[in-house]
Amino acid sequence: MRPFDAVVIGAGAAGLFCAAQAGQRGLRVLLIDHADKVAEKIRISGGGRCNFTNLDTGPANFLSANPDFCRSALVRCTPADFIALVKRHGIAFHEKHRGQLFCDDSSEQIIAMLLAECAAGSVTRWQPCAVAAVHAAEGGFELDTARGPVAARQVVVATGGLSIPKIGATDFGHRLARQFGHRIVEPRPALVPLTFAAADWAPLVPLAGVSLEVAIIAGQGRQRVRFVEDLLFTHRGLSGPAVLQASTYWRPGEALTIDLGAGQDLAALLREAKAVSRRQLGTQLGTWLPQRLGDAWLARLQLPADRPMAELRDRDLDGLGRSLAEWQVRPDGTEGYRKAEVTAGGVDTRELDSRSLQSRRQPGLHFIGEVVDVTGWLGGYNFQWAWASAAACAAALTAG
Ligand SMILES: Cc1cc2nc3c(=O)[nH]c(=O)nc-3n(C[C@H](O)[C@H](O)[C@H](O)COP(=O)(O)OP(=O)(O)OC[C@H]3O[C@@H](n4cnc5c(N)ncnc54)[C@H](O)[C@@H]3O)c2cc1C
């Protein structure tokens, strides 16, 4: 049988986009996925409306052991390029928050668009179809699949990360990379809620459901970051966009610093209020923080919620302001791959060419999307990486 120019393994965001683009360049492309349904993560993304890109995407929005690696692909396929495609397919969208673009109706529209693009490129799709093995062979590769052996001049691995195993995530890409001598940057759950030891968290359990905007600082050295986003208290710990963002930079044993005033100088505000306010401390604090949180905080510090502001000592108000601005928390873990939106780590970029995503160890082998050690922030950046890495790879694949 005539070999395919390229077999793309994984019909998720990156695999569909790469297969479509390569097919439209005239290559014979086979796209294989072991799951019954195509692109399950696109379907469930963005609460069913797929936050498909972010207008402000740049290398600073990604974490990688090699921070410059993503630069080349991101420049060659920009949010504007993907938006043009979305518009061509007549999909209505809106900006929700800080450059994040969502479909007005449904993420199914993005899947339908990618399938139509694959059809326009005459891509052959085998699904469900498991890939048992990939071997290097003369002129390319041989694959053992559930539908029999396949020969391909090039192989693109687009099998994603480890998050949400129940919808088809596997470590196939990492195993294949190791088989061809690639190093793997230790994978870990990212964009994930953080948990705390039950005994430490017990006093805060009654706050489950409270949410507020905070500033959160995580990471070390050059990877230290500060996000201003919403925080959510849960029964087991902390969640919400602020903590999901911070989780990507958090390593076991580290503390996070949370400013519950989100950058407002609460110590100064408390002192000003002392001079002019007739409120009690608890009510005053409730003008800046959710009341339940303010009350719990005063109880923790053993400060009297019912004392009039004018009667409080400056020292106590300063201490209260500082404790709110510099809340140090030490998570004991994460909610794991079951709840993580992405996997940080993955195929080490030092052994990949940044323009083509091709292996430097095995000519013709490529890795794209989340399987690579490039992890985006929350807010459409991970899909933009999937599109950009897929486009860079598709442009580099050759026809036989
Ligand atoms: C709940 C949730 C919400 C999200 N929301 C957003 C969002 O709104 N915006 C955003 O930018 N990002 C979001 N993400 C992240 C985003 O979905 C991923 O980063 C993106 O899908 C990665 O694309 P990918 O093609 O690399 O991998 P995937 O889209 O995960 O695709 C991988 C494909 O490979 C297949 N596969 C796996 N193993 C094998 C194997 N052994 N053989 C054959 N096929 C295999 C899988 O079935 C899957 O179809 C979200 C993630 C989750 C879990």
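The structure presented is a predicted model; accordingly, all values stated were derived computationally and were not measured. (Residues numbered from 1 in each chain as written. Predicted model: local features only at pLDDT ≥ 70, side-chain atom pairs only at ≥ 80, totals over all residues.)

### Considerations on the overall build of the protein
Cut-off, in case you're wondering: Numbering of helices and strands runs from the N terminus, with a helix taken as a DSSP run of H or I at least four residues long and a strand as a DSSP run of E at least two residues long. Around each residue's C-beta, the other C-beta atoms within 10 Å are counted; 20 or more make the residue buried, 12 or fewer make it exposed, and counts in between make it partly exposed. All C-beta atoms are placed from the backbone. Once C-beta atoms are placed from the backbone, any two residues with those atoms within 7 Å are in contact.
Counting its regular elements, the protein contains 13 helices and 21 strands. Each principal axis of the C-alpha distribution contributes one length, and for the protein these read about 85 × 40 × 35 Å. Within the span of the protein, comprising 400 residues, buried residues form 46% of the whole. Counted over contacts in the protein with a minimum sequence separation of 6, partners at least 24 positions apart contribute 73%.

### Focus: helix α1 (residues 13–24)
Each α-helix winds once per 3.6 residues, and so residues spaced three or four apart point in a common direction. Where we set the bar: Between the first and last residue of a helix there are one fewer steps than residues, each counted as 1.5 Å, and that sum is the expected span.
The terminal C-alpha atoms of α1, which comprises 12 residues, lie 17 Å apart, in line with the 16 Å expected from a rise of 1.5 Å per residue. Turning to α1, its buried residues number three or more, namely A13, A14, G15, L16, F17, C18, A19, A20, Q21, A22 and G23.

### With respect to the packing of helix α9 (residues 266–276) against helix α12 (residues 314–325)
Worth spelling out the cut-off: In this analysis, axes come from line fits to C-alpha atoms, helices being fitted only over the stretch in contact, and the angle between any two N-to-C directions falls in the range 0 to 180 degrees. Any angle from 65 to 115 degrees is called roughly perpendicular, while one under 35 is roughly parallel, one over 145 is roughly antiparallel, and all others are oblique. For any pair of crossing helices, the crossing counts as left-handed if the nearer helix is rotated counterclockwise from the farther one by less than a right angle, and right-handed if it is rotated clockwise. Classes in brief: Ala, Val, Leu, Ile, Met, Phe, Trp, Tyr, Cys and Pro nonpolar; Asp, Glu, Lys and Arg charged; the others, Gly included, polar.
Where α9 contacts α12, the two axes come as close as 8 Å, and the packing angle between them is 150 degrees. Relative to α12, α9 is oriented roughly antiparallel. Crossing geometry of α9 relative to α12 is assigned as right-handed. In this structure, α9 contributes L266, A267, L270, R271 and K274 to the contact, and α12 contributes D314, L317, D318, L320, G321, R322, L324 and A325. Looking at the contact of α9 with α12 residue by residue, the classes come out as seven nonpolar, one polar and five charged.

### Digging into the sheet that holds strand β16 (residues 256–259)
Note the following rule: When DSSP finds two or more bridges between a pair of strands, those strands are recorded as paired.
A sheet is described by the order of its strands in space; here seven strands give the open sequence β17-β16-β13-β14-β15-β12-β18, paired in antiparallel fashion. The sheet is open, and its two borders are formed by β17 (327–329) and β18 (333–334), each paired with just one other strand. As paired strands, β16 and β17 are joined by three bridges and run antiparallel to one another. Pairing of L256 across the sheet is with V329, part of β17. Packed onto the sheet, helix α8 (residues 240–249) meets β12 (194–195), β13 (211–218), β14 (225–233), β15 (237–239), β16 and β18 and runs at close to 130 degrees relative to β14.

### Overview of the environment of R315
Here R315 is to be found in helix α12. Here the alpha-carbon distance between R315 and Q328, two residues 13 residues apart in the chain, equals 20 Å.

### Structural notes on the environment of H174
Looking at where H174 falls in the secondary structure, it is placed in helix α6 (residues 172–179). Residues H174 and V347, 173 residues apart in the sequence, show an inter-C-alpha distance of 6.5 Å. In contact with H174, not counting residues within four places along its chain, are I184, P187 and G346.

### A short note on the packing of α1 against helix α5 (residues 108–120)
At their nearest, the axes of α1 and α5 sit 7 Å apart, and the two run at 30 degrees to each other. Taken together, the axes of α1 and α5 are roughly parallel relative to one another. The two elements α1 and α5 cross, and the hand of that crossing is left-handed. Counted together, L16, F17, A19, A20, G23 and Q24 of α1 and L114, E117, C118 and A120 of α5 form the full contact between these two elements. Its residues placed into classes, the contact of α1 with α5 shows seven nonpolar, two polar and one charged.

### Thoughts on the site of the ligand
The criterion, for reference: Any residue qualifies as near a molecule or strand once its backbone-derived C-beta atom lies within 6 Å of it.
With respect to spatial proximity, 38 residues lie near the ligand, and among them G10, G12, G160, F172 and G369 are the closest. Among the residues forming the shell around the ligand, the class breakdown is 19 nonpolar, 15 polar and four charged.

### Describing the nonpolar core
Put simply, the rule is: Here, a nonpolar core denotes buried Ala, Val, Leu, Ile, Met, Phe, Trp, Tyr and Cys residues that are linked to one another through C-beta atoms within 7 Å.
Formed by 115 residues in total, the largest nonpolar core has its most connected members in V7, F17 and C18. The element that contributes the greatest number of residues to this core is helix α13 (residues 381–396), accounting for 11 residues. In contact with F17, other than residues within four places in its own chain, are L114, A386, W387, A390 and A391.

### Structural notes on the sheet that holds strand β5 (residues 93–97)
One open sheet accounts for three strands, arranged β3-β6-β5; its pairing is antiparallel. Of all the strands in the sheet, the pair left with one neighbour each is β3 (51–54) and β5. For this sheet, the mean inter-axis angle between neighbouring strands, taken without regard to orientation, is 35 degrees. Here helix α4 (residues 79–88) sits on the sheet and contacts β3 and β5; the angle it forms with β3, its principal contact strand, is near 140 degrees.

### Points about the environment of V38
Mapped onto the secondary structure, V38 falls in the loop between β2 (29–32) and α2 (40–44). C-alpha of V38 to C-alpha of G12: the two residues are 26 residues apart in sequence and 6.7 Å apart in space. Setting aside anything within four residues of it in sequence, one finds V38 in contact with A11, D33, I111, L115 and Q127.

### Some remarks on unusual backbone geometry
Residue P128 is bonded to the preceding Q127 through a cis peptide linkage, with omega at -5 degrees. Inspection of the secondary structure puts P128 in the loop between β7 (124–126) and β8 (131–137). Of note in the backbone geometry, R98 takes a positive phi value of approximately 45 degrees without being a glycine. Structurally, R98 can be placed in the loop between β5 and β6 (100–103).

### Brief notes about the pairing of β2
The two faces of β2 match: V29 and L31 on one face and L30 and I32 on the other face are all buried. Judged from the four bridges that link them, strand β1 (residues 4–9) and β2 form a sheet pairing that is parallel. Bridge pairing in β2 places I9 opposite I32. Across three bridges, β2 lies against β7 in parallel orientation.

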